[in-house]
Amino acid sequence: MSDTQPRKIGPVLATFSVANNMIGSGFFLLPATLARSGGVTALSWLLATVLAVLLGATFARLVRDYPKLDCPDDYVRPALGRDMGFLAATLYWISSWIGNNAIAVAAFGYLALLLPVGDGTLTRVLGQIALIWLMFALNLFGPRAIARFQSLCVVLGLLPVAAILIWGWGSFDAGIYQAAWNVSGESDAHVVFGSLAPIFWAFVGLETGAMVAGVVRDPARNVPIATMGGIVIAGLVYLASSVLMMGIVPAAELADSGAPFALVAGRMFGEWAIPVIAAAAALKATGTLGGWMLVTGESGARAAQRGFLPAIFGRLRANGSAGWGLLIITLSMTALAVLTLSPTVSGQFETIINMVVTLVVMAYVAAALSLMLGTSARPASRGDRLVGMGALLACGLLVYSTPVKTLVGGIVIALLALAAYRGFARRPASPGP
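Residues numbered from 1 in each chain as written. Predicted model: local features only at pLDDT ≥ 70, side-chain atom pairs only at ≥ 80, totals over all residues. Heavy atoms only, no water.

Undergrad: What's the story with the nonpolar core in this structure? I'm lost.
TA: Among soluble globular proteins, nonpolar side chains are generally buried collectively. If you look at the biggest cluster of nonpolar residues, it comprises 121 residues, and the most contacted ones within it are Phe200, Phe203 and Leu206. Once residues within four sequence positions are removed from consideration, Leu206 is found in contact with Val18, Met22, Ala52, Leu55, Gly56, Phe59, Phe200, Thr227, Ile231 and Tyr364. (Core = buried A, V, L, I, M, F, W, Y, C linked by side-chain atoms within 4.5 Å. Buried < 20%, exposed > 50% of the residue type's maximum accessible area, 1.4 Å probe, protein only. Contact = heavy atoms within 4.5 Å.)

Undergrad: Would you mind showing me how to read the environment of Val264 here?
TA: Summarising the element assignment, Val264 is placed in helix H14 (residues 260-269). With sequence-adjacent residues up to four places away left out, Val264 is seen in contact with Ile164, Met245, Ile248, Val249 and Leu254. (Helix = DSSP H or I, 4+ residues; strand = E, 2+ residues; numbered from the N terminus.)

Undergrad: Just to check I follow, could you spell out the pattern of salt bridges for this structure?
TA: Side chains carrying opposite charge are able to pair once their charged atoms draw close together. Under the counting rule described, the total for this entry stands at 7 salt bridges. Arg61 is paired through a salt bridge with Asp384; the nearest N and O atoms lie 2.8 Å apart. Of this pair, Arg61 sits in helix H3 (residues 41-65) while Asp384 sits in helix H18 (residues 382-400), and the two are 323 residues apart along the sequence. A relative accessible area of 3% places Asp384 in the buried class. Note that Arg306 and Asp74 form a salt bridge whose closest N and O atoms lie 2.5 Å from each other. Of this pair, Arg306 sits in the loop between helix H15 (273-305) and helix H16 (323-339) while Asp74 is found in helix H4 (residues 73-80), placing the two residues 232 residues apart along the sequence. Both residues of the pair, Arg306 and Asp74, count as buried. One salt-bridge network, in which partners are shared between bridges, spans Asp73, Asp74, Arg77 and Arg306. (Salt bridge = Lys/Arg side-chain N within 4 Å of Asp/Glu carboxyl O.)

Undergrad: For this particular structure, what's the right way to read the layout of surface pockets?
TA: Regions of empty space are outlined by a rolling probe, equal in size to a water molecule, passed over the atoms. For the second largest pocket, the calculated volume is near 260 Å³. Forming the walls of the second largest pocket are 16 residues, and the residues nearest its centre are Ser37, Gly194, Ser195, Pro198 and Glu350. Among the secondary structure elements, those contributing two or more residues to the lining of the second largest pocket are helix H2 (25-34), helix H9 (188-194), helix H10 (196-200) and helix H17 (345-373). With 3 residues, H9 is the largest single contributor of residues to the lining of the second largest pocket. (1 Å grid on protein atoms, 1.4 Å probe; cavity = no way out; pocket = protein on both sides within 12 Å on 5 of 7 lines; lining within 4 Å. Points joined across faces, edges and corners; volume = space filled by probe spheres on them.)

Undergrad: Would you take a moment to explain the packing of H3 against helix H12 (residues 219-246) for this structure?
TA: Axes are the key here: two packed helices are described by the angle between their axes and the distance separating the axes. Packing of H3 against H12 leaves a shortest axis separation of 9 Å and a crossing angle of 170 degrees. When the interaxial angle is binned, H3 and H12 end up roughly antiparallel. The two elements H3 and H12 cross, and the hand of that crossing is right-handed. Facing Thr41, Ala42, Trp45, Leu46, Thr49, Ala52, Val53, Gly56, Ala57, Ala60 and Val63 of H3, the residues of H12 in contact are Pro219, Val223, Pro224, Thr227, Met228, Ile231, Gly235, Tyr238, Leu239, Ser242, Val243 and Met246. Looking at the contact of H3 with H12, its residues break down into 17 nonpolar, 6 polar and no charged. (Axes fitted to C-alpha atoms, helices over the stretch in contact; angles between N-to-C directions. Parallel < 35°, antiparallel > 145°, perpendicular 65-115°, else oblique. Left-handed = near helix turned anticlockwise from the far one by under 90°. Nonpolar A, V, L, I, M, F, W, Y, C, P; charged D, E, K, R; others polar.)

Undergrad: Is there a simple way to explain empty space enclosed by the protein in this structure?
TA: Considering all chains together, one arrives at 1 cavity of 30 Å³ or more under this definition. Quantified by volume, the largest cavity comes out at close to 40 Å³. Along the walls of the largest cavity sit Leu294, Gly297, Glu298, Leu316, Gly320, Ser321, Ala322 and Leu326, which together make up its complete lining. The dominant element in the lining of the largest cavity, judged by the number of residues it contributes, is H15, at 3 residues. When grouped by side-chain class, the residues that make up the lining of the largest cavity number 4 nonpolar, 3 polar and 1 charged.

Written as structure tokens, this is what we have:
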């Protein structure tokens, strides 16, 4: 084995890596979800981007003190203790595999346009389950197989969609957009704040720059650049695509579509463009699903190694894949696909992403508190406290915009998980680095 250290990445590659982690299924399906409210959600995108910047600043500052972190427990336990470290790590893990279902919903929503199977609820759930198990099987070949597949999906999946964002403005109709400014029947302010939770799904992944700080050159300088830059790029791309699509297709049609980008492509270029864009979107979303299943398996293994999950989740195959843990996750995702069925693709997608945002916000709250409180070895500065308070304000607004039933469900999950950990956890749990 060579003693040569692996070459680390600089700020540009790190920035696009963070942006790519956020530009996923939300890019392909959120326009349909938001069309039920209207173009006023453009203001929600702007506000959500500001909230994401506040939260990103929290992780950027935490990197200074924990440059080798790879699990929320690494920065939560020193400041808040073992129980909060468990909750942050476990809720983040749960949110990741629940979020995989939203990606599967988006992927099959586009794939259904290419297959002679119709778009009924039974067809959709069976298609989503098939994609989930297909990506499970691919993950069993190890991280390298998934990385290669995901790279192929990014290149082939985004190029046709990028063409719509570049040339679509020639088809933009200001009249269509103005007519769909607010179709919800609620006030503009109510829609703007009420749309924050589903919109913030697009920014889940903003913390990944901090999570891979160990492979970034000069992380204290470059991780903040990558985090902030990635958030701004993702925010602009999402805002532009949402406004563009609502100015080409009337809101009612967009809201009923399970493949909004393909619908827009058909209006711009003709019927021939629909299967091309559908194939590209389905491929990109499927690659994202495979990649996030890999992340879920690995994060579950790290949590198990810390004593937060049963030991079976920490068993790795010779090729590095977390086979048994992924099997349990895949079975859970299969059950969730059935439980979240909705008459429309956008409705099912919104139900799942609200669940994910609720859980991940709890992990973000722990990060903000960790930064604000600091430790005896790493006392919090005035700047840390200000940034942490801003992040808590962002989390508060996201909680405010979350449906009450979803919020209560998230709290119940957190309490049940903590009770199970206190009652059955292996002792002692090994501390993070």
